[in-house]
Amino acid sequence: MLFDKPLVLSGFMTLVMSTTLPIIPREAEREQTANNFKNITASRTLKWQLCYSYYCAVLDVPFDYNKPDGSRAYLPILKVPATTKPYKGMIMTNFGGPGDSGVSTLKSQATFMTQIVGNNYDIVAIEPRGIGFSLPKADCSIASGNVTNLKRHIKKLHGPYLGDDWFNMTYITAKELDQNCSQNNGGSNQIISHMSTADVVRDMINILNQYAAGPESYGVEYPRDLNFWGYSYGTIIGQTFASMYPDRVGRLVLDGVVDADDYNAGLNLKSLQDTDKAFSIFFEYCHAAGPANCAYYTGSSAHDIYIRFENSINRLDAKVAVGKGWSNATIISQTLNAFKPIAFGILYNPIARFEYLGTLLIKLENQSQNATLDGLEAITKGIEAVTPQLGAFAAVKCGDSGNIRYNLTLEILRQDIFARQNQSYMGGEWITSSDILCSTWSSKAPTRYIGAFGGKAKNPILFVGNERDPITPLQNARKGAKIFAKAEVLIIDGTGHTSITTNNKCAFGKINKYFQDGTLPGVHNFCALEAGPWNITLSKHGKGAAIASIMEDLEQMSKNYGM
């Protein structure tokens, strides 16, 4: 989820802005990374060797820690070594997912992380089992004919069942994914049944034990305790670890918090509370940036700019187009299907992407005035289609919830679909995609965590949340700080997913202080708004001037224009 991109199951692809997501490894880099780890002999102890400008190891672990003589998995590990003293130990990290490569992400984020936590820690990322460069890899794919481009999807859509077609296509394709995954990986002795978050936590315990037993931990006060910075799905790993092994908790920063109870129950009802708020603030920033900087600027207020957007959306009403028999009704429907996940992805990192959002909205406006196939392709120009590891995503997420949604029909799911759309106009379909994926996923995770979350950990946990996070609302961080004894929450007045995207120096300073000496923010747990998109710092008055009315309008849209 930290760097998660909107999941478009109907095309089984992810749409991302290729210029702003360097963590997605390109083919040459992917091959180089794979070759580097192929040259490292797997070991049941940590044996580091130089790779890139860092250190690498491959840890040999059992599929099931209750069956240590059974099948084995091989997990690549990347270490960015400490360069200054006093040496404080090791911080593990997970940047989100599930399904993303931890090794590739740390390679791109190493400089940032060391600047925040300090150069006196090793920073370590594990490639989660079954994912990325780990072996065996969850061998899940769908027929290449189903990874289609927009033109082919448009030809499949027809008539008055446009909305149903989108969900039906998603459902059918998800079932095919499950069938292929079961054929290639099915059974309790296959990796796909041993990819739960609890399995990842046990791997982390294994690594901590190896580290504590080795010479590199000499002088570290509590080498068996976990120091961890987890983002998004990584906060599920952190909460699971602290609930399973509370006596092994060192300093945990859980950033962009997922509601663990909601996640494990497979509900997805605690993700979109702040999504439309994050979208609404674009119009405030655009107005403050002015016509010289924001291409979408119009009128004399932020609400005027929003009305321009609303007028475009109103013209893209597929229900009206179908009812009137317009020849481009299918393209009108598909325009919204393409625009919304791209716009939703932009909300993850407004500082980097709000300028592009202005350009995207102009393309949408042009398309709304004359919906054509060329106009649709213009909307997706500059967006890279990436086929994600959906099998790995499903193995973790659906397995963690005990397959509770398995075999639910689209008719039953439709109630949840409407609930998501009512929560957020901009993000409802994204969450719905994972619901449909889990409704077809048959593989189980026998060693998943089924206990309660929370309790008293050895050391207090620091939860971090932004006021306008599009996928992990602030309420989740507040809840985390309540269910874990003596935990605290750090609140950032910022927009985007996790503290990274806010570039909030106040927050980074408090996170550094926590890792360096364990100091929690206490009553000083609020970090004020700092420079955002276009390097603008909105005034407190300006920040809220138009958002309330825009939110009301978006709420009405969610009722009128759900897919």
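The structure this text deals with has already been given above.
What comes next concerns the included structure. Not measured: the values here are computed from a predicted model.

**As for the overall build of the chain**
Turning to step 1, where the next piece is worked out: Along the backbone of the chain there are 20 helices and 13 strands.
Turning to step 2, where the next piece is worked out: The proportion of buried residues among the 563 residues of the chain is 61%.
Turning to step 3, where the next piece is worked out: For the chain, the proportion of contacts with a sequence separation of at least 24, taken over those separated by at least 6, is 76%.
Turning to step 4, where the next piece is worked out: For the chain, the exposed surface amounts to about 21,200 Å²; the carbon and sulfur share of it is 51%.

**Points about unusual backbone geometry**
Turning to step 1, where the next piece is worked out: The omega torsion of the bond from K85 to P86 falls at 5°, within 30 degrees of zero and hence cis.
Turning to step 2, where the next piece is worked out: Residue position: P86 is located in the loop between β5 (72-80) and β6 (89-94).
Turning to step 3, where the next piece is worked out: The omega angle of the peptide bond from G97 to P98 is -5°, so this bond is cis rather than trans.
Turning to step 4, where the next piece is worked out: Here P98 lies in the loop between β6 and α2 (102-117).
Turning to step 5, where the next piece is worked out: One non-glycine residue, S232, lies in the positive phi region at around 55°.
Turning to step 6, where the next piece is worked out: Inspection of the secondary structure assignment puts S232 in the loop between β8 (226-231) and α6 (233-244).

**Examining the packing of helix α8 (residues 275-289) against helix α12 (residues 350-369)**
Turning to step 1, where the next piece is worked out: With their axes 11 Å apart at the nearest point, α8 and α12 run at an angle of 90° to one another. Relative to α12, the element α8 is oriented roughly perpendicular. Where α8 abuts α12, its residues A278, F279, I281, F282 and Y285 lie against F354, L357, G358 and L361.
Turning to step 2, where the next piece is worked out: Grouping the amino acids of the contact of α8 with α12 by side-chain chemistry returns eight nonpolar, one polar and no charged.

**Section: the state of the cysteines**
Turning to step 1, where the next piece is worked out: For the structure on display, the rule yields four disulfides.
Turning to step 2, where the next piece is worked out: Note on cysteine connectivity: C286 is disulfide-linked to C294, with sulfurs 2.0 Å apart. For the disulfide bridge between C286 and C294, the dihedral angle about the S-S bond is near -95°, and by the sign convention the bridge is left-handed.
Turning to step 3, where the next piece is worked out: C286 sits in the buried class, given a relative accessible area of 0%.
Turning to step 4, where the next piece is worked out: Put simply, C506 and C527 are joined by a disulfide, and their sulfur atoms are 2.1 Å apart. Note on the C506 and C527 pair: the S-S dihedral is about -70°, so by sign convention the disulfide is left-handed. Here the residue C506 occupies a position in helix α18 (residues 505-517), and C527 occupies one in strand β13 (residues 526-527), the gap between them amounting to 21 residues.
Turning to step 5, where the next piece is worked out: A relative accessible area of 27% places C506 in the partly exposed class.
Turning to step 6, where the next piece is worked out: Under the relative-accessibility criterion, C527 is labelled buried at 0%.

**Remarks on the side chain of S101**
Turning to step 1, where the next piece is worked out: Position of S101 among the secondary structure elements: in the loop between β6 and α2.
Turning to step 2, where the next piece is worked out: For S101, a relative accessible area of 13% puts it in the buried group.
Turning to step 3, where the next piece is worked out: From its side chain, S101 meets the backbone nitrogen of S104 in a polar contact 3.0 Å long.
Turning to step 4, where the next piece is worked out: Here the side chain of S101 touches E127 through a polar contact of 2.9 Å, side chain to side chain.

**A closer look at the packing of α8 against helix α9 (residues 302-314)**
Turning to step 1, where the next piece is worked out: Their axes nearest at 8 Å, the elements α8 and α9 cross at an angle of 125°. Here α8 is positioned oblique relative to α9, judged by the angle of their axes. Like other packed secondary-structure pairs, α8 and α9 cross with a definite hand, here right-handed. Seen from α8, the contacting residues are F279, F283, E284, C286 and H287; seen from α9, they are A302, I305, Y306 and F309.
Turning to step 2, where the next piece is worked out: Partitioning the contact of α8 with α9 into residue classes produces seven nonpolar, one polar and one charged.

**Quick notes on the packing of aromatic side chains**
Turning to step 1, where the next piece is worked out: What the rule picks out here adds up to 22 aromatic pairs.
Turning to step 2, where the next piece is worked out: Consider the rings of Y121 and F515, whose centres lie 6.2 Å apart with planes at 70°: the pair is edge-to-face. Of the two residues, Y121 is situated in strand β7 (residues 121-126) and F515 in helix α18; the sequence distance between them amounts to 394 residues.
Turning to step 3, where the next piece is worked out: For Y121, a relative accessible area of 1% translates into the label buried.
Turning to step 4, where the next piece is worked out: Ring centres of W229 and F515 lie 6.1 Å apart, and the angle between their planes is 45°; on these two criteria the pair is classed as tilted.

What counts, and at which threshold
Residues numbered from 1 in each chain as written. Predicted model: local features only at pLDDT ≥ 70, side-chain atom pairs only at ≥ 80, totals over all residues. Heavy atoms only, no water. Helix = DSSP H or I, 4+ residues; strand = E, 2+ residues; numbered from the N terminus. Buried < 20%, exposed > 50% of the residue type's maximum accessible area, 1.4 Å probe, protein only. Contact = heavy atoms within 4.5 Å. Areas by Shrake-Rupley, 256 points an atom, 1.4 Å probe, with all protein chains shown as cover. Axes fitted to C-alpha atoms, helices over the stretch in contact; angles between N-to-C directions. Parallel < 35°, antiparallel > 145°, perpendicular 65-115°, else oblique. Nonpolar A, V, L, I, M, F, W, Y, C, P; charged D, E, K, R; others polar. Disulfide = S-S within 2.5 Å. Polar contact = N/O pair within 3.5 Å; in protein donor to acceptor, adjacent residues only side chain to side chain. Left-handed = near helix turned anticlockwise from the far one by under 90°. Phe/Tyr/Trp six-rings, centres within 6.5 Å; stacked < 30°, edge-to-face > 60°.

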